[in-house]
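A look at the structure
Below, each chain spelled out in residue letters.
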Amino acid sequence: MKYLVTGGAGFIGSALVRGLLNEGAGRVTVVDNLLTGHESNLDEVKAGVDFRRVDVRDYADVLSAMQGHDVVFHEAAIPSVPRSIDDPIPSHEVNINGTFNELRAAKQAGVRRVIYAASSSAYGDTEVLPKVESMQTNPRSPYAAQKLMGEYYMSVWASCFGVETISLRYFNVFGPRQDPTSAYSGVLSLFMKAILEQKAPTIFGDGEQSRDFTFVEDVVALNLKAARAPASASGRTYNAGNGGRITLNEAWALLQKITGVTLEAKYGPPRAGDVRDSQADTKDATEVLGHAPQYTFEQGMRVTFDWYRNSLRR
Ligand code: UD1
């Protein structure tokens, strides 16, 4: 099997590359334009990586990188709900046009399967929790709409063009290497940085919004299972969540407990495009793909904090 990971120098993509190599993949091709990814994320596995500095907006480059591969993990994206509201054009071009390019090239290059990083944001606010794949989607931001469009393209490429596709709706993935340096960074990475710098974080709204924070290694394991799943799993979307739910206030309190640091958070106005509550129903992913998260939220937070403590203080 020859594997290619787009966005492979990013937080989730690089974890996936390490997961593939640990599983005995031999070599893995990485496609990344280093806009938000860092080659240093791949330092420890450099010897097993064929790195291609390619932007998914460039069809010819994407096609050339894709030749000779069996399975593609499409992680390349411009993430962040607020970023897509502040600056919608680049995220549209990467998240929709880039995904289209990936699929077109996959067909042309004879790739057997594409596994896609979809987003739980597609659900928007639902009346019922947990969120099940059969629910009506209701994107509340350009980012959510773009990621949902990618899912539609995935399923159409399976039905019209014979490329096997599986979409995994990620639920707020966190873990080592999530970049905490931008205002658009994931909230837990910002919380970790705040603790290490002893600066109060800002919580948008009342902090009672909740998320199904999912540890990156559990998402990697699910991707590896999706690569091995039978062809009957193709053309569909699965929740890639932990199945739990925790408020931001609870997450901040837990981090203070874990680290022994006490800091009062600041509160700001609610963020535009924000979803109130998020929690995955994991039944389909469990039954069809064999999803089996191994990390409780607290375990994931401890591993993640250890990583930030060691790497940010270097
Ligand atoms: C959304 C998706 C997630 C996707 C991510 C990609 C949902 C439910 N989740 O995450 O699946 O992977 O986009 O970017 O739509 N916050 C603060 N202070 C901060 C930063 C954030 O309070 O400094 C709050 C936000 O207002 C939000 C929560 O923390 O309520 C989580 O925000 P963030 O980490 O940016 O992720 P989502 O937008 O939830």
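A brief look at the structure comes next. (Residues numbered from 1 in each chain as written. Predicted model: local features only at pLDDT ≥ 70, side-chain atom pairs only at ≥ 80, totals over all residues. Heavy atoms only, no water.)

This part is about the overall build of the protein. A tally of regular secondary structure across the protein gives ten helices and 13 strands. At 18 Å, the protein has a C-alpha radius of gyration in line with the 20 Å of a compact globule built from 314 residues. With the C-alpha coordinates of the protein rotated into their principal frame, the extents come out at 55 × 45 × 35 Å. Classification of the 314 residues of the protein by burial places 56% in the buried group. Contacts in the protein between residues at least 24 apart in sequence constitute 80% of all its contacts with a sequence separation of at least 6. (Helix = DSSP H or I, 4+ residues; strand = E, 2+ residues; numbered from the N terminus. Rg over C-alpha atoms; globule rule 2.2 N^0.38 Å. Buried < 20%, exposed > 50% of the residue type's maximum accessible area, 1.4 Å probe, protein only. Contact = heavy atoms within 4.5 Å.)

The next thing to look at is the pairing of strand β2 (residues 28–32). Most of β2 is tucked away: five of the five residues are buried. Going residue by residue along β2, you find Val28, Val30 and Asp32 tucked away on one face and Thr29 and Val31 tucked away on the opposite face as well. Where strand β1 (residues 3–6) and β2 come together, four bridges link them in parallel fashion. Across the sheet, residue Tyr3 finds its bridge partner in β2, namely Val28. In terms of handedness, the path from β1 via helix α1 (residues 11–22) over to β2 forms a crossover that is right-handed. (Pairing = 2+ DSSP bridges. Right-handed = clockwise from strand over helix to strand, strands pointing away.)

Now for the environment of Tyr295. Along the chain, the position of Tyr295 falls in the loop between α9 (283–289) and α10 (297–312). In this structure, the C-alpha to C-alpha distance between Tyr295 and Phe51, residues 244 residues apart in sequence, is 30 Å. Each residue touching Tyr295, except ones within four places of it in the same chain, is listed here: Phe215, Glu217, Asp218, Asn242, Gly300 and Val303.

Take the nonpolar core next. Residues Val17, Phe73, Ile166, Leu168, Trp252, Phe297 and Met301 are the most contacted members of the largest nonpolar core, which totals 62 residues. If sequence neighbours within four positions are ignored, Ile166 has contacts with Arg113, Val114, Ile115, Tyr116, Ala226, Ala229, Ala233, Ser234, Arg236, Tyr238 and Leu289. Listed in part, the 24 residues of the second largest apolar core include Val62, Leu103, Ala105 and Val114. (Core = buried A, V, L, I, M, F, W, Y, C linked by side-chain atoms within 4.5 Å.)

This part covers the pattern of salt bridges. Should their charged atoms come close, side chains of opposite charge can pair. For the coordinates displayed, the defined rule picks out 19 salt bridges. One salt bridge in this structure joins Arg113 and Glu164, with 2.7 Å as the shortest N-O distance. Taken together, the positions of Arg113 in strand β5 (residues 113–119) and Glu164 in strand β6 (residues 164–170) put the pair 51 residues apart, joining distant regions of the chain. The exposure class assigned to Glu164 is buried, which follows from its relative accessible area of 18%. Shared partners join several salt bridges into a network, and the residues in it are Arg112, Arg113 and Glu164. (Salt bridge = Lys/Arg side-chain N within 4 Å of Asp/Glu carboxyl O.)

In the region of the ligand, 21 residues are neighbours, and Val187, Thr202, Phe204, Arg211 and Asp274 sit closest. For the ligand, an oxygen atom lies 3.5 Å from a polar atom in the side chain of Ser119. Protein chains bury 91% of the 750 Å² of accessible surface belonging to the ligand in isolation. Contributions of two or more residues to the shell around the ligand are made by α6 (187–197) and β8 (202–204). The leading source of residues in the shell around the ligand is β8, at three residues. (Near = heavy atom within 4 Å. Polar contact = N/O pair within 3.5 Å; in protein donor to acceptor, adjacent residues only side chain to side chain. Areas by Shrake-Rupley, 256 points an atom, 1.4 Å probe, with all protein chains shown as cover.)

Look at α6 against helix α8 (residues 248–259): their axes get within 11 Å of each other, and the N-to-C directions meet at 40 degrees. In terms of crossing hand, the pair formed by α6 and α8 is right-handed. Listed contacts from α8 to Val187, Leu188, Phe191, Met192, Ala194 and Ile195 of α6 are Leu248, Ala251, Trp252, Leu255, Gln256 and Thr259. Its residues assigned to classes, the contact of α6 with α8 comprises ten nonpolar, two polar and no charged. (Axes fitted to C-alpha atoms, helices over the stretch in contact; angles between N-to-C directions. Left-handed = near helix turned anticlockwise from the far one by under 90°. Nonpolar A, V, L, I, M, F, W, Y, C, P; charged D, E, K, R; others polar.)

Here we come to the pairing of strand β11 (residues 236–240). Burial analysis of β11 places four of its five residues in the buried class, which makes it a mostly covered element. Here β6 runs beside β11; their pairing, made up of five bridges, is parallel. The partner of Ile166 across the bridge, within β11, is Arg236.

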